[in-house]
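Commentary on secondary and tertiary structure
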Amino acid sequence: MLRILDRLEEILIATLIAAATLLIFVSVVHRYAATVPVLFPYAHMFDLSWTQELCIYMFVWMAKFGAAYGVRTGIHVGVDVMINRLGFGPRSWVILFGLLCGALFTGVIGTLGASFVWAVSQTSQTSNDLEVPMWIPFLAIPLGSYLMCFRFLQVAFIFWRTGELPHHDQTHVEGITDDLHPSDVQPADPRPAGVRS
Amino acid sequence: MNAAIDQTAGSDPRHGTGLALAIILVPVVLVGMCFLYKFGLVSFTPGMRVSIIFALLLAMMMTGMPVSIALGLTVLTFTFTLTTVPLETVALKLFTGLEKFEILAVPFFILAGNFLTHGGVAKRMIAFATSLVGHLFGGLGLSAVVACALFAAVSGSSPATVVAIGSVILPAMVAQGYPRRFGAGIVTTSGALGILIPPSIAMVLYAVSTGSSIGKLFIAGIVPGLALAFLLGLTTWYIARKNGYPRVPVEGGRTASQASLSAFYGLVLCFIATTFPLFIGWVIGLITNPGASFSALFTGDVFGFISQSNYLNSRHGFALFVLSVLWLLFAGYLFPNRAKLGFLRHEAANVWNSYWVSVWGLLLVIIVIGGIYAGLFTPTEAAAMSAVYAFVVAVFVYRDMGLKDVPRVLLSSANLSAMLLYIITNAVLFSFLMTYENIPQALAGWMISQGLGWVSFLLVVNVLLLLAGNVMEPSSIILIMAPILFPVAMKLGIDPIHFGILMTVNMEVGMCHPPVGLNLYVASGIAKMGITELTKAVLPWLGTMLAFLIVVTYWPGLSLILPRLLGMR
């Protein structure tokens, strides 16, 4: 069950970022295609003025769910100069406190967001370009925040039980070292290609 | 930053119980005070309200909770207890905080950077840089600086630059007998160029939080970026010369200066070949306008390309742009490793070959900077275009990455962007609070009433940012500090673009020194060196950077010369 949720989360955010990128790309190509006389009739058949708004909404959704995923992967960084001075025991209490504060904040925001979405859904507000009811894009706040709250509680629970914290490895920020082609890791000739002669 | 935990974990597990209690209790007590106010049990003077905000934020941060959460909780507590703003606005702001199209440049640049890092672009840039400067003193070290500068021109993040260049060149440097600390020091500091040479995520964040122009900032970053690259290269050259580090051997028993000349000759040839379409445009212009003079048309094309921002939108200009891109694609496909031509030998041949191999990556510079500058795309669109382009280059041209790797790259980019976007939303909340309490205006008024001029203000800003760089990572610093400091800077007549560049250089310095220098951690992972040792290794270059920071701070012309020259103001 949890694994399905994890997987769904990952698929959702990866798809959103890919789709948004393609959307912008297509709209730029479309804009320039419309200036070429030969392509104009074809380009004119599609109205892509809504892409910008859709793209923003996609990114808001990506950001909210990605933030929840980030809790699970431990990418949200904090200031740890103080807690590093503590011994093992006291430090885990402070860390637990921090995690629970995270859960508190996201929980409050989720609840505020839910009541806000409810209020908006009672009105007939629609978005400017897409003309969808406004509460649908706003739904990202309660859903994303509650998921994030759940993730904070999950991490806190695991930390309390096992003392393990998800750890985003800083040395692999963009993770190249383990993705290198085997031939690059141990090159026969250690010099870059241009040096060989 | 978690690496630091493992190092300092005390031997005594009970150590610091009192401190831990204090860390937890201080924010709780502060929140409690706010609630007392809410129920009318205590009253605060305006000055106390302001101090409560900052004390609460600081206390929350000290618990080690994510910066975004600390920001959010501070705002939430403050709005609930000390203001009459309805709480729903906080939830709404979390949504509308992201509703600026410019912000989306951040995830797109991250995505593009990830594709470039995984796609073998860095490897080819290093080869090009090595063929160019490898035979000078400093050898591979110097090429690391040049390669970092090149990669910085396509990537908007410093740690990404360190990873991309460092993971390829450091093993090579160690294998060639350079001391490990030499290479690690170079890569840590030169990688910081990533946020100074455009595109730059830090600049996008600054622009978003102050309402400055992203395009102008990008253009303004070019000159300081190149200057810093030159200075870092000079430091490297000097250290290598003093210690007699190895260089790339010169072919055929020639002298180093002959090799330099040959490499320069190769570079000039590459330049001529790259700008070939401009000559074509000139010829076409000559044919279509028989009356026009040779020189007018020539200068029209060559300088029109770089000096008139609307040039590319004219019919002739746009055709030339498309022609240039097509030509480079054609050349990048045809030219590599075919230089058996008589006029290209030794280093010149190396430069020629490696240039045309890496031209796919270099083309991205033209797309991003040229596209934004010429008004072909908005910065966000340019970022999206570069992400798509980087994907195509990585997967279909260089083929260092398969289609099956794409979801993983997408996911890790989304992860990083979501973290940044989450800080952004909460920082927007915080700056809303700042404006609500009129803090920047009050600060500006106080500064002016104290008779502090821009000179002392910038000194204070530098110290403040360097101190902040000790505890926070750059994006949070920019997002929190820029909205507070920017109005003051404006009041004192400091140019917004100059101020942005200054902040960016400050962030660069902050990334290269402990305790939370991100570059340092990344580099220590690649070089397999401890933080303490690496900190010492970085010192000469860090000194150079600090000196450069002073220059940037008190010489606005350095940052503003290019935007002015290009008529962007």
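Computed from a predicted structure; not experimentally measured.

Definitions and cut-offs
- Each chain carries its own residue numbering, running from 1 in the written order of its sequence.
- Each chain takes a letter, starting from A, and each ligand takes a number, starting from 1, following the order in which they are written.
- Predicted model: local features are reported for residues with pLDDT of at least 70 only, side-chain atom pairs are reported and counted for 80 or more only, and whole-chain, interface and lining totals are derived from all residues.
- Hydrogens and water are ignored here; the side-chain numbers use all heavy atoms of the structure.
- Put simply, DSSP H or I for four residues or longer makes a helix, DSSP E for two residues or longer makes a strand, and each gets a number counted from the N terminus.
- Any residue under 20% of the maximum accessible area for its type is buried, any over 50% is exposed, and the rest in between are partly exposed; the area is computed with a 1.4 Å probe on protein chains only.
- Two residues form a contact once any of their heavy atoms are found within 4.5 Å.
- Note on areas: these come from Shrake-Rupley sampling with a 1.4 Å probe, and a residue is covered only by the protein chains present in the view.
- Put simply, buried area is how much 1.4 Å-probe accessible surface two parts lose in total, over both of them, once they are put together.
- Note on definitions: salt bridges are taken to be side-chain nitrogens of Lys or Arg within 4 Å of carboxyl oxygens of Asp or Glu.
- N or O atoms closer than or at 3.5 Å make up a polar contact, with two conditions inside protein: a donor-capable atom paired with an acceptor-capable one, and, for residues adjacent in sequence, both atoms drawn from side chains.
- The predictor attaches a confidence to each residue, called pLDDT, with possible values from 0 through 100.
- The set of buried Ala, Val, Leu, Ile, Met, Phe, Trp, Tyr and Cys residues whose side-chain atoms join them within 4.5 Å is what this entry labels a nonpolar core.

1. Regarding the overall build of chain A
The secondary structure content of chain A amounts to seven helices and zero strands. Sequence-ordered secondary structure for chain A, helices as α and strands as β, is α-α-α-α-α-α-α. Taken across its 197 residues, chain A has 51% of its residues classed as buried. Counting contacts in chain A only where the partners sit at least 6 residues apart, residues at least 24 apart contribute 75% of the total. On chain A, roughly 9,900 Å² of surface is accessible, and the fraction owed to carbon and sulfur atoms is 68%.

2. Observations regarding the interface of chain B and chain A
Contacts between chain B and chain A engage 97 residues on the former and 82 residues on the latter. Summed over both partners, the interface of chain B with chain A comes to about 8,100 Å²; 75% of that surface belongs to carbon and sulfur atoms. In terms of surface lost to chain A, no three residues of chain B exceed Phe 95, Asn 415 and Tyr 422 of chain B, which account for 9% of the buried area on that side. At the boundary of chain B with chain A, the tally comes to one salt bridge. Across the chain B-chain A interface, the total number found is two residue pairs in polar contact (both at pLDDT 80 or more). The element best represented in the side of chain B that touches chain A is helix 19 (residues 406-436) of chain B, accounting for 14 residues.

3. Describing the confidence of the model for chain A
The pLDDT averaged across chain A works out to 79; a share of 81% of its residues lies at or above 70. Segment residues 170-197 of chain A: pLDDT under 50, and 43 contacts once partners within four positions in sequence are set aside and those in other chains are kept.

4. Observations concerning the pattern of salt bridges
Enumeration according to the criterion identifies 12 salt bridges over all chains in this entry. For the salt bridge of Arg 72 of chain A with Asp 6 of chain A, the shortest nitrogen-to-oxygen distance reads 3.5 Å. Highlighted residues: Arg 72 of chain A in helix 3 (residues 51-73) and Asp 6 of chain A in helix 1 (residues 2-33), separated in sequence by 66 residues. Classification of Asp 6 of chain A by relative accessible area gives buried; the value is 18%. Linking Lys 123 of chain B and Asp 400 of chain B is a salt bridge whose minimum nitrogen-to-oxygen distance equals 3.1 Å. With Lys 123 of chain B in helix 7 (residues 121-133) and Asp 400 of chain B in the loop between helix 18 (379-397) and helix 19, this pair connects stretches of sequence that are 277 residues apart. Under the relative-accessibility criterion, Lys 123 of chain B is labelled partly exposed at 24%. Connected via shared salt-bridge partners are Asp 6, Arg 7, Glu 9, Glu 10, Arg 72 and Arg 151 of chain A.

5. With respect to the nonpolar core
Grouped together as the largest cluster of nonpolar side chains are 260 residues, with contacts concentrated most on Phe 59 and Met 62 of chain A together with Phe 182, Trp 356, Phe 430, Phe 457 and Phe 499 of chain B. Per-element accounting of this core gives the leading share, 18 residues, to helix 19 of chain B. The residues touching Phe 59 of chain A, leaving out its near neighbours within four places in the chain, are Ile 17 and Ala 20 of chain A together with Leu 104, Pro 107, Phe 108 and Leu 421 of chain B.

6. Let's talk about the confidence of the model for chain B
Residue and element names in this part refer to chain B. When the pLDDT values of chain B are averaged, the result is 84; 90% of them are 70 or greater. Taken as a whole, residues 1-10 scores under 50 in pLDDT and shows 19 contacts with residues more than four places along the chain or in a different chain. For this predicted complex, the interface confidence score (ipTM) comes to 0.84, while the overall pTM stands at 0.86.

7. Some points on unusual backbone geometry
Residues and elements named next belong to chain B. The amide bond that connects Pro 198 to the next residue, Pro 199, takes the cis arrangement and shows omega of -10°. Tracing the sequence through the fold places Pro 199 in the loop between helix 10 (180-190) and helix 11 (201-210). The phi dihedral of Asn 438 falls on the positive side, at around 60°, and the residue is not glycine. Here Asn 438 shows up in the loop between helix 19 and helix 20 (439-449). The exposure class assigned to Asn 438 is partly exposed, which follows from its relative accessible area of 44%. Even without being glycine, Lys 528 reaches a positive phi, approximately 55°. Note on placement: Lys 528 falls in the loop between helix 24 (518-527) and helix 25 (531-554).

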